[in-house]
Amino acid sequence: MASGVQVADEVCRIFYDMKVRKCSSPEEIKKRKKAVIFCLSADKKCIVVEEGKEILVGDVGDTITDPFKHFVGMLPEKDCRYALYDASFETKESRKEELMFFLWAPEQAPLKSKMIYASSKDAIKKKFQGIKHEYQANGPEDLNRTSIAEKLGGSLIVAFEGSPV
């Protein structure tokens, strides 16, 4: 069921910037986004970037020690959100970085909010061409390193964001 919700151009631009890794200077790399949270506009007609809800690559190790824990902490306790997270993980053979798309729909969120976010998910996913990993979380217990590692590659994953799983 489509909701008729539109996706703001800025959301698409942020996705493209996170997806396409250009050869960049160290300063440009620091400005790249590690995580971004999206919400519905006040009139519920457009998916927009939530103000102040992002992690920059340059913040990691500087002001943020655990980017995934910080990301989980940015999600609202009682409302839904969409998010992009640039996951760093290691397999037995190599280090990888891949974008993950999250639908955050906590149990405490109002039913109407859950319905609008669920029915609008296709609109944002169509704009996010090439996302390999999609994850729906219904509470903080769904956002632990083990469950995320399972989604990224199961038993092949040995570390997520620098921590063993």
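Throughout this description, residue numbers start from 1 for each chain and increase along the sequence as written. It should be noted that, the model being predicted, local features are given only for residues of pLDDT at least 70 and side-chain atom pairs only at 80 or more, the latter also being counted only at that level, while totals for whole chains, interfaces and linings use all residues. Side-chain descriptors were evaluated using all non-hydrogen atoms of the structure, hydrogens and water having been removed beforehand.

Looking at an unreviewed UniProt entry, one finds the chain named Destrin, with Cricetulus griseus as its source organism. What UniProt records for the chain under Sequence similarities (unreviewed entry) is the sentence "Belongs to the actin-binding proteins ADF family." UniProt positions are given in the numbering used here, feature names are shortened, and annotations may be inferred rather than shown by experiment.

(A) Main features of the pattern of salt bridges. Salt bridges are defined by distance alone: a side-chain nitrogen of Lys or Arg within 4 Å of a carboxyl oxygen of Asp or Glu. Applying the stated criterion across every chain yields a total of 12 salt bridges. A salt bridge links Lys-34 to Glu-161, with the shortest nitrogen-to-oxygen separation between them at 2.9 Å. Note that Lys-34 is positioned in strand S2 (residues 33–40) and Glu-161 in the loop between strand S7 (157–160) and strand S8 (163–164), a separation of 127 residues in sequence. The classification of residues rests on relative accessible area computed with a 1.4 Å probe and restricted to protein chains. Under 20% of the type maximum is buried, over 50% is exposed, and intermediate values are partly exposed. A relative accessible area of 7% places Lys-34 in the buried class. Look at the salt bridges and you will find they share partners, linking Glu-10, Arg-13 and Asp-17 into a network. The way it works is that DSSP assigns letters per residue, a run of H or I at least four long becomes a helix, a run of E at least two long becomes a strand, and they are numbered from the N terminus.

(B) Local environment of the pairing of S7. Each pair of strands is called paired provided DSSP finds at least two bridges between the two strands. As paired elements, strand S4 (residues 81–91) and S7 share three bridges and run antiparallel to each other. Looking at S7, one finds that Phe-89 is bridged to Phe-160. Looking at chain direction, S7 and S8 are connected through two bridges and run antiparallel. Following the sheet pairing, Phe-160 is matched in S8 by Ser-163.

(C) Molecular detail of the packing of aromatic side chains. Pairs were defined over the aromatic rings of Phe, Tyr and Trp, the Trp ring being its six-membered one, requiring ring centres within 6.5 Å. Orientation was assigned from the angle between planes: stacked under 30 degrees, edge-to-face over 60, tilted for the rest. Applying the stated rule across the entire model yields 12 aromatic pairs. Plain terms: the ring middles of Phe-68 and Phe-160 are 5.1 Å apart, the flat faces sit at 85 degrees to each other, and that makes the pair edge-to-face. Of the two residues, Phe-68 sits in helix H3 (residues 67–74) while Phe-160 sits in strand S7, which places them 92 residues apart along the sequence. Phe-160 carries the same exposure label as Phe-68, and that label is buried. An angle of 80 degrees between the planes, with centres 5.8 Å apart, marks the rings of Phe-101 and Phe-128 as edge-to-face. Placement of the pair is Phe-101 in strand S5 (residues 95–104) and Phe-128 in the loop between helix H4 (111–127) and strand S6 (133–137), with a sequence separation of 27 residues. The pair formed by Phe-101 and Phe-128 is uniform in burial state, with each residue classed as buried. Taken together, the ring pairs connect Phe-15, Phe-38, Tyr-82, Phe-101, Tyr-117 and Phe-128 into an aromatic cluster.

(D) Fine view of the environment of Glu-141. Assignment of secondary structure puts Glu-141 in the loop between S6 and helix H5 (145–153). On the accessibility criterion, Glu-141 (53% relative accessible area) is exposed. Considered as a pair, Glu-141 and Leu-103 are 38 residues apart in the sequence and their alpha carbons are 14 Å apart.

(E) Structural detail: the pairing of S4. With 10 of its 11 residues buried, S4 lies for the most part within the structure. Sheet topology places S2 next to S4; four bridges connect them, and they run antiparallel. Of the residues in S4, the one forming a bridge with Phe-38 is Tyr-82. As defined by bridge partners, S4 adjoins S5 across 10 bridges and the pair is classed as antiparallel. Within S5, the residue paired with Tyr-85 across the bridge is Met-100.

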